[in-house]
Every structure is written in C-alpha cells, then in structure tokens.
Amino acid sequence: MGCDRERLFLAIQLPESIRHNLLRLREEMSGCRWVPAKNLHLTLRFLGDCDYNKRARLSDALQSVRARELKLGLNKLGVFSKRGQLSVLWLGAEQVDERLVDLKVAIDEALFQVGFDKDHRPYKAHVTLARLRHVKRGDIESYIRNKSETVKESFPVRFFSLMRSLFSEGAVRYEEVCRYPLDG
C-alpha cells in the first residue's frame, strides 16, 4: 500500500470502560489470538484502501448521514467460520436496535452516492474479540457456554467514526480520522 493510500473503515468505538470489562472474557485457549483492548470496536463498514481523493469524497458524504442516537447492547457470544474453519470469536447483540439498522442503511446510501459498491451481505453487528486458528470446536463451544451469562454490556452511541488501520512491526492499531455525530 503506497503512502498516499489508507486502509479505512467505519466503526462505533467502544467506551474505555466497556473495553476494560471485556478483558475478563479472555482466557488461555490454543489457537486463539485476542484482539488488543484498544482495537475493540463494532465495524459498520469496511472500506478498504482509499486514496486522498476518495477519502475527501467519502468525508463529505458521511457528513450528510442523518441517524438518531442509539443504545448498543452487547450480550451474545458467537463464532464465524470461513470455509468450514472457525475464524472469529465475536460479541454481538441478541436484539439489534432498529436505529443501528437505520444508521447502517444511511451510511450505505451515502457511500453508494460517492462510488462505493452496495454491501449485499447481511449485516451482523459484532465486536471481534479474537481471531481463531485451528481451535477445537468443543473448546470454543465450552468457552461460549461458560462465558455467555457473564456478558451484558450496553452503552449510548452518540457518534460513529471513520477509522484507519496503521501497520507497524507486525501489529495493527486503529486511529480515528473523523467523528460524525448522531442526532439526539
């Protein structure tokens, strides 16, 4: 990736207190790589590599997004699989706030207006807790059973963020580029 391009995504950032609380979910599990607490977020849309011109159009479009503040509840653990292999341990919502769906639709419309493809995949609101590689299905099922009752987090969402991924020394960290307020 050249220096004039950035890997961008849209997210709801978790409050520091929630990120700290989620640390209690961590336990030693072979093949499990936990996401650093400072990188925990709920992705609204991955945008990929964007150059300066595309980012400027994107920023203008996102300022036009109108959606109401919402309350995000995180209370369900689950896993995603890729080609039959467990790949991601996530935390999501049993019941998704309708206003989160409205926000996602408004964002997708704004992105389409400036040349991004429509996202046709069903949206699964989640926070990636860990990347999984060669984890035994029984181990992860046992983990979810044991931890499910302890996960009940919620917080008000008053803005969403344009984020960039920064890569250095084999690690990634996320940095906020711009914040977009939601209507009260």
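Just so it is clear, the model here is predicted, and its values are computed rather than measured.

Undergrad: Looking at this structure, how should I read a positive patch on the surface?
TA: Judged by side-chain charge, Arg-33, Lys-82, Arg-83 and Arg-131 come together as a positively charged surface patch. Note that Arg-131 resides in strand E7 (residues 126–132). What makes Arg-131 partly exposed here is its relative accessible area of 37%.

Undergrad: Sorry if this is basic, but what is going on with the UniProt feature "active site" (unreviewed entry) in the protein here?
TA: Per the UniProt annotation, the sites labelled "active site" (unreviewed entry) are His-41 and His-126. In terms of the greatest pairwise C-alpha distance, the residues named above, spread along 86 residues, form a tight cluster of at most 8.3 Å across. By the secondary structure assignment, His-41 is in strand E3 (residues 41–51). According to the relative accessible area criterion, His-41 is buried, its value standing at 14%. Residue contacts for His-41: discarding those within four places in its chain leaves Phe-9, Ala-11, Ile-12, Leu-14, His-126, Val-127, Thr-128 and Tyr-174. Tracing the sequence through the fold places His-126 in strand E7. By relative accessible area, His-126 is classed as buried at 17%. The contact partners of His-126, leaving out residues within four places of it in the chain, are His-41, Leu-42, Thr-43, Phe-80, Trp-90, Leu-91 and Gly-92.

Rules of the game
- One numbering rule holds for all chains: residues counted from 1, following each sequence as written.
- The predicted nature of this model means local features are confined to residues of pLDDT at least 70 and side-chain atom pairs, given and counted, to a pLDDT of 80 or more, with totals for whole chains, interfaces and linings taken over all residues.
- Just so you know, side-chain values use all the structure's heavy atoms and leave hydrogens and water out.
- Patch definition: residues with relative accessible area over 30% and no salt bridge; like charges joined within 9 Å; nonpolar side chains (Val, Leu, Ile, Met, Phe, Trp, Tyr) joined within 5 Å.
- Note that accessible areas follow from Shrake-Rupley with a 1.4 Å probe, and for residues the cover is restricted to the protein chains shown.
- The salt bridge definition used is simple: a Lys or Arg side-chain nitrogen within 4 Å of an Asp or Glu carboxyl oxygen.
- Residues scored as charged are limited to Lys and Arg (positive) and Asp and Glu (negative), so that His and the chain ends carry no count.
- Just so you know, the charge point we use is NZ for Lys, CZ for Arg, CG for Asp and CD for Glu.
- The helix and strand labels rest on DSSP assignments: H or I over at least four residues marks a helix, E over at least two residues marks a strand, and numbering proceeds from the N terminus.
- Relative accessibility under 20% of the residue-type maximum defines a buried residue, over 50% an exposed one, and the middle range a partly exposed one, all with a 1.4 Å probe and only protein chains included.
- UniProt positions are given in the numbering used here, feature names are shortened, and annotations may be inferred rather than shown by experiment.
- What makes two residues a contact is simply this: any of their non-hydrogen atoms within 4.5 Å.

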